[in-house]
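Structural overview for review
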Amino acid sequence: MKKVRDSSESEMILTFLKGEITSQRFNEKLNNVLNELGYKKELILDGDFSNQNENVQRKNIMIKFRGYPTKELFENFPNIAHWDLVEFDKNDLDNIYYINYDYWNELSNNTSKPKEAAKTIKSGKEIYEVSNEPFIKGAELVSKTMFPPVILITCNDKKYLIIEGHSRMTIYGLRPDKFNGTYGYIGHCAEQEMKQYDPRMVVLDRNYNNKIK
């Protein structure tokens with residue numbers, strides 16, 4: 001992967017919400033949160049991360065929607081020292097992992113890797129009776145359009161954990177050629193904090209210099 005520029009928490013949150021508002025799984029809940037807070041969809045769809053008032057509102061959404069930064073998906077979430085916008089190479093797929101969740105574990109044959117999940121999908125096996133059709137349709141769609149950026153975190157620049165974009169990463173697992181040249185956000189954290197959130201992402205190589213850059 002290649003760093004494009006520095007990013008920020010505010011940009012990450014805006015990108016996260018943009019990804020979720022188009023998700024079949026999460027868009028209903030997100031729309032309910034928007035209605036409850038009295039916010040319009042444009043705060044996300046046409047959001048400006050340089051607008052501090054908007055940033056406060058979107059953080060309020062994240063708190064109610066996904067428990068950010070301390071609950072639900074973000075329980076024990078590490079303190080992120082900095083965010084980068086990056087451009088991916090298709091070979092980066094080999095170092096990207098799903099969160100530790102039953103469905104993704106089973107789909108990827110307990111490897112947590114999108115490429116392995118693609119093998120399961122191609123075999124026709126369905127996990128927990130959940131249809132693979134959205135992934136198959138997505139693999140066709142990605143040939144015609146570029147998907148929104150995914151969001152990952154790392155403590156070592158060797159293993160990257162998906163925070164937002166699991167379905168899109170699965171589609172890239174089916175079409176690795178389409179991952180080349182796409183964009184994403186990488187959050188960098190300390191090894192000890194990652195260990196509390198997802199110890200699988202810690203590289204057990206004591207010769208590796210784990211300083212945050």
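The notes below deal with the structure included here.

Parameters and conventions
Residues numbered from 1 in each chain as written. Predicted model: local features only at pLDDT ≥ 70, side-chain atom pairs only at ≥ 80, totals over all residues. Heavy atoms only, no water. Core = buried A, V, L, I, M, F, W, Y, C linked by side-chain atoms within 4.5 Å. Buried < 20%, exposed > 50% of the residue type's maximum accessible area, 1.4 Å probe, protein only. Helix = DSSP H or I, 4+ residues; strand = E, 2+ residues; numbered from the N terminus. Salt bridge = Lys/Arg side-chain N within 4 Å of Asp/Glu carboxyl O.

**So, the nonpolar core**
Formed by 61 residues in total, the largest nonpolar core has its most connected members in Phe16, Leu17, Ile61, Ile153 and Ile163. Looking at this core, the element that brings in the most residues is helix H1 (residues 9-21), giving 5 residues.

**What to know about the pattern of salt bridges**
Applying the stated rule across the entire model yields 14 salt bridges. The salt bridge partner of Glu20 is Arg66, with a shortest N-O separation of 2.5 Å. One end of the pair, Glu20, is in helix H1; the other, Arg66, is in helix H4 (residues 52-66), and 46 residues separate them in sequence. Arg66 gets classed as buried once you look at its relative accessible area, which sits at 11%. The partner of Glu54 in a salt bridge is Arg58, and the shortest N-O contact between them spans 2.8 Å. Here Glu54 and its partner Arg58 are both found in helix H4, 4 residues apart, which amounts to about one turn of the helix. You'll find Glu54 and Arg58 in the same group, each marked buried. Counted as one network, the salt bridges with shared partners bring together Lys3, Asp6 and Asp84.

By themselves, these observations are geometric and do not establish any function.
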